[in-house]
Amino acid sequence: MDFNWSKELLLSWGVAEEYVIWLHTGVLLVTAAIILYIVDLVFRKILIRSVLRLTDKSTTKFDDHLAANKTFVYISRLILLIIFKNLLPTILTDFPDSVAFWMTVTDILLLITWYFIFKAVLRSIKDHLSTKEGFRDKPLGSYVQVADIVLIFILAIILFTMLTGKNPWAFLTAMGAASAVAMLVFKDTILGFVASIQVSVNDMVRIGDWIEMPKYNADGDVIEINLNTVKIQNWDKTITTVPTHYLVTDSFKNWRGMQETGGRRIKRAINIKISSIRYLNQEEIEELKKIQLLAPFIGERQAEIETHNQRTGADRSMPVNGRNLTNVGLFREYINRYVRNNPKIRQDMTLLVRQLAPTEHGLPLELYMFTADTRWAFYENIMSDIFDHLFAAIKYFDLEVFEAPASDDIRGLNLTVQPPVSGPGHRSELS
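Quick notes on the rules
- Residues numbered from 1 in each chain as written.
- Predicted model: local features only at pLDDT ≥ 70, side-chain atom pairs only at ≥ 80, totals over all residues.
- Heavy atoms only, no water.
- Axes fitted to C-alpha atoms, helices over the stretch in contact; angles between N-to-C directions.
- Helix = DSSP H or I, 4+ residues; strand = E, 2+ residues; numbered from the N terminus.
- Parallel < 35°, antiparallel > 145°, perpendicular 65-115°, else oblique.
- Left-handed = near helix turned anticlockwise from the far one by under 90°.
- Nonpolar A, V, L, I, M, F, W, Y, C, P; charged D, E, K, R; others polar.
- Core = buried A, V, L, I, M, F, W, Y, C linked by side-chain atoms within 4.5 Å.
- Buried < 20%, exposed > 50% of the residue type's maximum accessible area, 1.4 Å probe, protein only.
- Contact = heavy atoms within 4.5 Å.
- Patch = residues over 30% accessible without salt bridge, like charges linked within 9 Å, V, L, I, M, F, W, Y side chains within 5 Å.
- Areas by Shrake-Rupley, 256 points an atom, 1.4 Å probe, with all protein chains shown as cover.
- Salt bridge = Lys/Arg side-chain N within 4 Å of Asp/Glu carboxyl O.
- Lys, Arg positive; Asp, Glu negative; His and termini not counted.
- Charge placed at Lys NZ, Arg CZ, Asp CG, Glu CD.
- Pairing = 2+ DSSP bridges.
- Phe/Tyr/Trp six-rings, centres within 6.5 Å; stacked < 30°, edge-to-face > 60°.
- Lys NZ or Arg CZ within 6 Å of the ring centre and 35° of its normal.

## Side note on the packing of helix α4 (residues 71–91) against helix α5 (residues 99–130)
Running from N to C, α4 and α5 point in directions that differ by 165°, and their axes come no closer than 9 Å. With respect to α5, the element α4 is oriented roughly antiparallel. Considering the relative orientation of α4 and α5, their crossing is left-handed. Taken together, the residues of the contact of α4 with α5 sort by class into 16 nonpolar, four polar and three charged.

Structure follows, in structure tokens:
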């Protein structure tokens, strides 16, 4: 297109020739700006809005993610730059020596715009895959960050070539010489990249997993896995940020296995006061037969004990001779039958009631079993209901739960302290 008419018009108005060149260039620049503004207006007001309406109506959600990450906006800017690049030779007709410089600047802007387009597409892919069941727990953020680093590296090589006019291998050679510095600068990024691959390949952690890392006071759900960090939302709603490579170098507990099996372990003991453990007489045994869960067991065990004692000729005048029923033995069997009849306890997983080694706190009767609901609140309710019942039932077996004496227990002894008697060889006494 010939714009020399503006130059001729300025000359006809009597403008000095040395100013005509600048005014002519200014007119061309304003004209180009108007053209670009009109094109931008058409894109923003018409084309992009039409595309957004189509994405809202489409069945696929990928285009929604493209729109949310401003992919279409970056494409419109790319088109504007391409138009501007084609207009540059015309705008700078009177300054041919500067055309190459401004073309290079425009190429750099085009390259940066392409980078933002690719970055927006990558983010859109990540957002789209995050909605899929198979990818929801994968560290997609780490992969996007790695791809972003690769894009930046390629961008740097092309920019180096454009600005220096040298072969890309010269840039790579310079990078090789500076690799030691790069290793120091990007140490955490490199470690995080390797760790994120190991975590993903070995399926060590997924988004949504409940993990514990006591060393860093982390105990909660994994909400984000990035190239450099892992974010864990603790149960008190605080956020703990841990470097990704710590998942490989340090130990942690992942509760995913418990959630997948559908059973959460109960491992808690009742400490029985040893002095309350004893043999049961016939009258007490008959009384305990009123407990429906125990009645069949007591009948079978009594017949078995009687047969054994008759065969061995045990002297029944002394309870120690032969075999006898004890209150702690029947209580242990009652616990076993009680939990086996509890629908909230998994019967297909390990279930036992066992004695642990006696300690200074009594004889521990440990319950080891798995609840049928792994949710925290339900798990706590199930366990509380079981132990509420057992603590209330233990008195019917004439057993006592061990507990350390409180200050009221000591005051209840009514101990008095005699005043000290002066003189050698005397001391205070308790009465």
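## Side note on the nonpolar core
In this structure, L330 and I386 are the most contacted members of the largest nonpolar core, which totals 35 residues. Broken down by secondary-structure element, the contributors of at least two residues to this core are β6 (264–272), α12 (282–288), α13 (295–312), α14 (327–340), β8 (363–371) and α15 (376–393). In contact with I386, other than residues within four places in its own chain, are I266, Y338, V339, N342, I345 and L367. Judged by nonpolar contacts, the second largest core, of eleven residues, contains I211, A218, I232 and V242.

## As for a positive patch on the surface
Together, K45, R49, R53 and K57 give the surface a local cluster of positive charge. With respect to the helices and strands, the residue R49 is situated in helix α2 (residues 17–57).

## With respect to unusual backbone geometry
The phi torsion at K70 lies on the positive side, around 60°, for a residue other than glycine. On the secondary structure map, K70 appears in the loop between α3 (62–68) and α4. Not every positive phi belongs to a glycine, and N217 is a case in point at roughly 55°. Position of N217 relative to the elements: it lies in the loop between β1 (210–213) and β2 (218–225).

## Overview of the pattern of salt bridges
Applying the stated criterion across every chain yields a total of 17 salt bridges. Here K215 and D250 are joined by a salt bridge, their closest N and O atoms 3.7 Å apart. Linking K215 in the loop between β1 and β2 with D250 in the loop between α10 (246–249) and β5 (253–254), this pair joins segments that are 35 residues apart in sequence. K215 gets classed as exposed once you look at its relative accessible area, which sits at 62%. A salt bridge links K289 to E286, with the nearest nitrogen and oxygen atoms 3.4 Å apart. Owing to a relative accessible area of 27%, K289 belongs among the partly exposed residues under this scheme. Here the residues in one salt-bridge network are K267, R354 and E366, joined through shared partners.

## Concerning the sheet that holds β1
Read from one edge of the open sheet, five strands run β4-β3-β2-β1-β5, paired in antiparallel fashion. Looking at strand neighbours, the two that pair on one side only are β4 (239–243) and β5, the edges of this open sheet. By the bridge criterion, four bridges tie β1 to β2 in an arrangement that is antiparallel. Across the sheet, residue E212 finds its bridge partner in β2, namely D219.

## Observations regarding the packing of aromatic side chains
Counted by the stated rule, this structure contains 13 aromatic pairs. Between Y334 and Y338, the aromatic rings sit 6.1 Å apart at their centres with planes inclined by 20°, giving stacked as the arrangement. Pair noted here: Y334 and Y338 are both in helix α14, with a separation of four residues, about one helical turn. Overall, Y338 belongs to the buried group, its relative accessible area being 19%. Each residue in the set W210, W235, W255 and W376 is aromatic and connected to the rest through ring pairs, giving one cluster. Lying across the ring of W255, R264 places its NZ or CZ 5.6 Å from the centre. Note that R264 overlies the ring of Y379, its terminal NZ or CZ placed 4.3 Å from the centroid.

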